[in-house]
Amino acid sequence: MSLVDSPRSAEPSADDARLIERFIERVWAEDGLADRTLEAYRRDLQQLSRWLGTRGRSLANAGREDLSAYHGSQPVSVRSMARRQSAFRRFYAQLARDEGKRDDPTLLMQRPRMPRSLPKALAEREIEALIVAPDLATPLGLRDRAMLELMYSSGLRVSELVDLPLSGLNPRQGVLRVTGKGGKDRLVPVGEEALAHVETYLREARPVLAKGHGQPAALFLSRRGDAMSRQMFWTLVKRYAVQVGIPAKRVSPHVLRHSFATHLLNHGADLRALQMLLGHSALSTTQIYTLVAKEGLKRLHAQHHPRG
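Quick caveat, the model's predicted, so the values are computed rather than measured. (Residues numbered from 1 in each chain as written. Predicted model: local features only at pLDDT ≥ 70, side-chain atom pairs only at ≥ 80, totals over all residues. Heavy atoms only, no water.)

**Student:** Would you take a moment to explain the overall build of the chain for this structure?
**Tutor:** Regarding its fold elements, the chain presents 12 helices and three strands. Counting the 308 residues in the chain, one finds 43% classified as buried. Accessible area of the chain: about 17,000 Å², with a carbon and sulfur share of 52%. (Helix = DSSP H or I, 4+ residues; strand = E, 2+ residues; numbered from the N terminus. Buried < 20%, exposed > 50% of the residue type's maximum accessible area, 1.4 Å probe, protein only. Areas by Shrake-Rupley, 256 points an atom, 1.4 Å probe, with all protein chains shown as cover.)

Laid out in structure tokens, this is it:
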């Protein structure tokens, strides 16, 4: 019986539920994983537990054959399969440590081959058009221009941008203190143009948005006076992109971050320095942007070289 055929109302057994929550609490404490990742891990393990229950098994006594059969009965995308296997590997590695001699059923399982997708970056002229799109005659336009300038200037993740506290900006030194993945802090420089627009926003727009809402801690505020959300920022980026003629399908929530990295490399930036700016823990994560830059050069060559 597949998960689709099993009762949707079925819940993991009490023992399985206890093991899952212990695992979630442990990886949260040890690795500081994002809430979305933790929830995905919890959901994957709960689905596995329900499926095992239909076979008279549980998470604690499942073997490699059980996991293989489960994967075979649950067709999903390669990315979903990779995330699911990551959850299972971490769960059973922890269970093996806790219970001493217990065998880990995930040890010999083959990892799915992930397709290598390149980050989407816009051309410099497109970034320029996108950034200048907001109407500077309105408080929201001043805010949007400051956010776009800052994200492109500093290569921030969307979550880092909307979560920036007012205290995270040091305008005198021209730096941001950013809390990235895993709760790790880093200092990021801010360009003069971006800093000028942020200071204009702080002086002319933020007091209007914060009026009647006490002293909000977030740097960037919504029209309601509270912190911006990722979804809200994604919506406005899409709106401005369409406004300046950039197809919506070419715009992603991280398009400014990807463009920041690609354009820096195109202009000769050091890969190690870019790694620090982006807050990547591994250089291999940063290296994918060299492929984006190379693809851009190949397109340029093919377009303009007489023998391209």
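**Student:** Looking at this structure, how should I read the pairing of strand β2 (residues 175–179)?
**Tutor:** The two faces of the sheet receive side chains in turn, since in a regular strand these alternate between them. Pairing of strand β1 (residues 169–170) with β2 involves two bridges; the strand directions are antiparallel. Paired with L169 across the bridge in β2 is L176. In this structure, the hairpin formed by β1 and β2 is closed by a connection of four residues, where G174 is found at a positive phi of approximately 70 degrees. Of the pairings in the sheet, the one linking β2 to strand β3 (residues 185–189) comprises five bridges and is antiparallel in character. By the bridge assignment for β3, V178 is matched with R186. (Pairing = 2+ DSSP bridges.)

**Student:** Is there a simple way to think about the confidence of the model for the chain in this case?
**Tutor:** Here the chain averages 81 in pLDDT, and 80% of its residues register 70 or above. Looking over the chain, one finds the lowest element-wise mean pLDDT in helix α12 (residues 283–304), namely 51, and the highest in helix α8 (residues 192–210), namely 95. Confidence drops under pLDDT 50 across residues 1–9; counting only partners more than four residues distant or on other chains, this segment forms 12 contacts. (pLDDT = per-residue confidence, 0-100. Contact = heavy atoms within 4.5 Å.)

**Student:** Looking at this structure, I do not really get the pattern of salt bridges. What am I missing?
**Tutor:** Oppositely charged side chains can form a pair if their charged atoms are brought close together. Scanning the model with the defined rule gives 14 salt bridges in all. We note a salt bridge from R42 to E21, for which the minimum N-O separation is 2.9 Å. With R42 in helix α2 (residues 35–53) and E21 in helix α1 (residues 14–31), this pair connects stretches of sequence that are 21 residues apart. Under the relative-accessibility criterion, R42 is labelled buried at 19%. (Salt bridge = Lys/Arg side-chain N within 4 Å of Asp/Glu carboxyl O.)

**Student:** Is there a simple way to think about α2 in this case?
**Tutor:** Because an α-helix completes one turn every 3.6 residues, residues spaced three or four positions apart along the sequence face the same direction. With 19 residues, α2 should reach 27 Å at 1.5 Å per residue; the first-to-last C-alpha distance of 27 Å fits that figure. Where α2 is concerned, the buried positions are L38, A40, Y41, R42, D44, L45, Q47, L48, S49, R50, W51 and L52. Contacts from the buried residues of α2 go to α1, α3 (64–73) and α4 (78–98). (Expected span 1.5 Å × (residues − 1).)

**Student:** Honestly, the nonpolar core in this entry has me stumped. Any pointers?
**Tutor:** Nonpolar side chains in soluble globular proteins tend to end up buried together. In terms of nonpolar packing, the biggest core is built from 42 residues, with L150, L161, L164, L176, F220, F233 and L256 touching the most fellow members. When residues of this core are traced back to their parent elements, those giving at least two are α5 (124–131), α6 (139–154), α7 (158–162), β2, α8, α9 (230–243) and α10 (255–266). Not counting residues up to four positions away in its chain, the partners in contact with F233 are M147, L148, M151, V158, L161, V162, M228 and L256. By size, the runner-up hydrophobic cluster in this structure holds 22 residues, among which are I20, F23, L52 and Y70. (Core = buried A, V, L, I, M, F, W, Y, C linked by side-chain atoms within 4.5 Å.)

**Student:** Teacher, can you tell me more about the pairing of β3 here?
**Tutor:** With burial as the criterion, only one face of β3 is covered, namely that bearing R186 and V188; the residues D185, L187 and P189 on the opposite face remain uncovered. Counted along the chain from β2 to the antiparallel partner β3, the turn is five residues long, and its residue G182 has a positive phi close to 70 degrees.

**Student:** Explain the packing of aromatic side chains to me, please; I cannot follow it from the model alone.
**Tutor:** Aromatic ring pairs are reported here in terms of the distance separating the ring centres and the angle at which the planes meet. If you walk through the whole model with that rule in mind, you get six aromatic pairs. Plain terms: the ring middles of F91 and Y92 are 4.9 Å apart, the flat faces sit at 90 degrees to each other, and that makes the pair edge-to-face. Pair check on accessibility: F91 and Y92 agree, each one buried. Ring-pair connections join several aromatic residues into one group, and the members of that group are F23, Y41, F91 and Y92. (Phe/Tyr/Trp six-rings, centres within 6.5 Å; stacked < 30°, edge-to-face > 60°.)

**Student:** In this structure, what is going on with the packing of α1 against α4? I would like to understand it.
**Tutor:** Helices that pack against each other are described as a pair by the angle of their axes relative to one another and the distance between those axes. Running from N to C, α1 and α4 cross one another at 95 degrees; their axes reach a closest spacing of 10 Å. Put simply, α1 runs roughly perpendicular to α4. When α1 is examined against α4, the residues L19, I20, R22, F23, R26, V27 and D31 are found in contact with a partner set consisting of A87, R90, F91, Q94, L95 and D98. Grouping the constituent residues of the contact of α1 with α4 by class yields seven nonpolar, one polar and five charged. (Axes fitted to C-alpha atoms, helices over the stretch in contact; angles between N-to-C directions. Parallel < 35°, antiparallel > 145°, perpendicular 65-115°, else oblique. Nonpolar A, V, L, I, M, F, W, Y, C, P; charged D, E, K, R; others polar.)

**Student:** Whenever I open this one, the side chain of R206 confuses me. Can you help?
**Tutor:** The topology assignment puts R206 in helix α8. Within the buried set, R206 has no salt-bridge partner at all; the shortest N-O distance to an opposite charge, 11 Å, is to D226. In this view, R206 contacts L166, Y201, P216, A217, A218, L219 and L221; residues no more than four positions away in its chain are not counted. (Lys, Arg positive; Asp, Glu negative; His and termini not counted.)

**Student:** Can you help me understand the packing of α1 against α2 in this one?
**Tutor:** As a packed pair, α1 and α2 sit with axes 10 Å apart at the nearest point and diverge in direction by 160 degrees. By the angle between their axes, α1 is roughly antiparallel relative to α2. Between α1 and α2 lies a crossing of right-handed hand. Of α2, the residues touching α1 (which contributes D16, I20, E21, F23, I24, V27 and W28) are L38, Y41, R42, L45, Q46 and S49. (Left-handed = near helix turned anticlockwise from the far one by under 90°.)

**Student:** What am I meant to see in the sheet that holds β3 here?
**Tutor:** Note: strands within a sheet are paired through backbone hydrogen bonds, in either parallel or antiparallel orientation. In spatial order, the strands read β1-β2-β3; together these three strands make up an open sheet with antiparallel pairing. Of all the strands in the sheet, the pair left with one neighbour each is β1 and β3.

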